[in-house]
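Architecture and fold: a report
So the chains spell out like this:
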Amino acid sequence: MNGNFYERFILDRTPAENAKFNPYYPLIGSGLDDPLIVNGKEFVNLASNNYLGLATDKRVKEAVIKAVEKYGTSLCGTPIATGYADLYRNVEQRVAKYLELEDAILLPSCYQANNGIFSALATKDDVILVDHYAHSSLVEGVRSAGCKVRPFLHNNIESIEKILSRCTDYKTIFVVTESVFSTEGSIAPFKEIVNICKKYKAIPVIDDSHGIGVIGKNGSGILSHFDIENFEGIYLTSLGKAFANAGGVIAGKKSLIDYLRYYCPHLIYSTALTPATLAGIDEVLNIVETEFTQLSEKMIRYRNIIRNGAKSGGFHLADGGAPITSIVAGNTHETFLLAKQLYENGILSTPFVYPSVPKNEGKIRLIAGANLLEESVIKAAETIREIGATR
Amino acid sequence: MSFREKIIELVKENLENKEVSVTGESLLEDDLGFDSFATVMLINSIEDEFGINIDVDSVKDTLSVNDIIKKLSENHPEIVARK
């Protein structure tokens, strides 16, 4: 009996064996510094979502240490019980104000936010429209709701409107997408999506995980990027990317957020974010509110250096307005081989293969955080160019 | 437009890459890059077009556009006659 059970779960190692390289679970032996230590060797880190380079910022680390000294490592409770420290409430309020939304709650991860929101709010009488290329966390979230799910073509307003025009028999219609699609760096036409939602009385839901700290005024994300005021929808984001900490956010109208404080199981049955994380987020807010412009300029300059290197090397790049360079690498084997070549030349990248991306459309994602030395970025761009030119 | 042509048109409508050519022999996954969501989009489009409900399980093992046409013809003969 037990033998049969375990035989069902055998990892397919073929792609890694064929490439003689496994790009996943690299063993990191340092903070996200420049250089980054991977498997004991020095690398230029183009793999992390540390857009603003704040994960090892001295001020953030000091704030975290102070919080641990005051509160300890954990409040060992869910937010509804003993996890709701004054620090927690302060960060909730600051995040909401930063986003220019009425209220916010903080969850242990954006995956939980994206899962929890739909199971808490959607019913079998509702319909959820979701972008074809939405992140796994959103897809799992909408599927868990148990209502009709209607995917639409990626970033395609016509596709959304065609479906909306047929959604006449549902109690509530949700339209779900991401702000910045992380495998390619494209930005959703969210202003148009919000407008079309108004026309059809639908609720827009946006995951801004790769937008917060990256686009908009002071890095406050997609709503600011498109000057969307009085947002009538639901805002989700991660605090583990540009915000260099951990946690997920659900933000929006105060009445809805208050409801979720008592009815979102992913919040009320999860141990609260630790004081260290909350203090880290608090300090990142201090930094972005005053220094975002300089950090952003550096991030965009680095993106352009890497992008120009890849273009000069003849690589085909995915379109995108975000500070992400995405090389279209081919099938799984070709994607693994390119990641291997970069790795062997001291560059850590993020490869995406099917089913994270469409079949035979593997991508290598490169993000140059603002903490990197310019000389490292220039050297990495030249290496990428050389690899491309010799392929 | 015949029933077959209509299905091929709906398949095209639900492709992200409009440059891919579609025939009855096209394999959904290997030739057209269909994933589970693309299949759901196609089924939804067929349901909208013909006003029917399709059991997702009935088409989940289909490999090609012709397989879809065959399954629909078997399970919903009324829509073949309509077009």
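Going by the structure above, here's the rest.
Summarised in this report is the structure supplied together with it. What you see as residue numbers is a count from 1 along each chain, following the sequence as written. Think of it this way: whatever chain is written first is A, whatever ligand is written first is 1, and the rest follow in order. Given that the model is predicted, a residue must reach a pLDDT of at least 70 before its local features are reported, and side-chain atom pairs must reach 80 or more before they are shown or counted; all residues, however, enter totals for whole chains, interfaces and linings.

1. A short note on unusual backbone geometry
Trans is the prevailing form of peptide bonds, just as negative phi is the prevailing case for residues other than glycine. Residue and element names in this part refer to chain A. The condition that has to hold: Secondary structure elements follow DSSP: runs of H or I of four or more residues count as helices, runs of E of two or more count as strands, with numbering from the N terminus.
The omega torsion across Asp34 and Pro35 is 5°, close enough to zero to call that bond cis. By the secondary structure assignment, Pro35 is in the loop between helix H2 (14–19) and strand S1 (36–38). Residue Pro355 follows Tyr354 across a cis peptide bond; omega there is 10°. One non-glycine residue with positive phi stands out, namely Lys20, at about 55°. One can find Lys20 in the loop between H2 and S1. With phi around 55°, Asn155 is a residue other than glycine that occupies positive phi space. Within the secondary structure, Asn155 is located in the loop between strand S5 (148–152) and helix H7 (157–164).

2. Some thoughts on the sheet that holds strand S4 (residues 127–131) of chain A
Residue and element names in this part refer to chain A. The test is simple: Strands qualify as paired when DSSP identifies two bridges or more between them. Only the stretch in contact is used when a helix axis is fitted, and all axes are lines through C-alpha atoms; the angle between N-to-C directions ranges over 0 to 180 degrees. In this description, a residue-residue contact is defined by the distance between C-beta atoms placed from the backbone, which must lie within 7 Å.
A sheet is described by the order of its strands in space; here 7 strands give the open sequence S3-S11-S10-S9-S6-S4-S5, paired in mixed fashion. Sheet topology places strand S3 (103–107) and S5 at the edges, where each strand pairs with a single neighbour. Ignoring which end each strand starts from, the neighbouring axes of this sheet average 20° apart. Contacting S4, S5, strand S6 (173–178) and strand S9 (203–207), helix H6 (residues 136–144) runs over the sheet at an angle of about 165° to S4. Against the sheet, H7 makes contact with S4, S5 and S6, and its axis sits at roughly 150° relative to S5, the strand it touches most.

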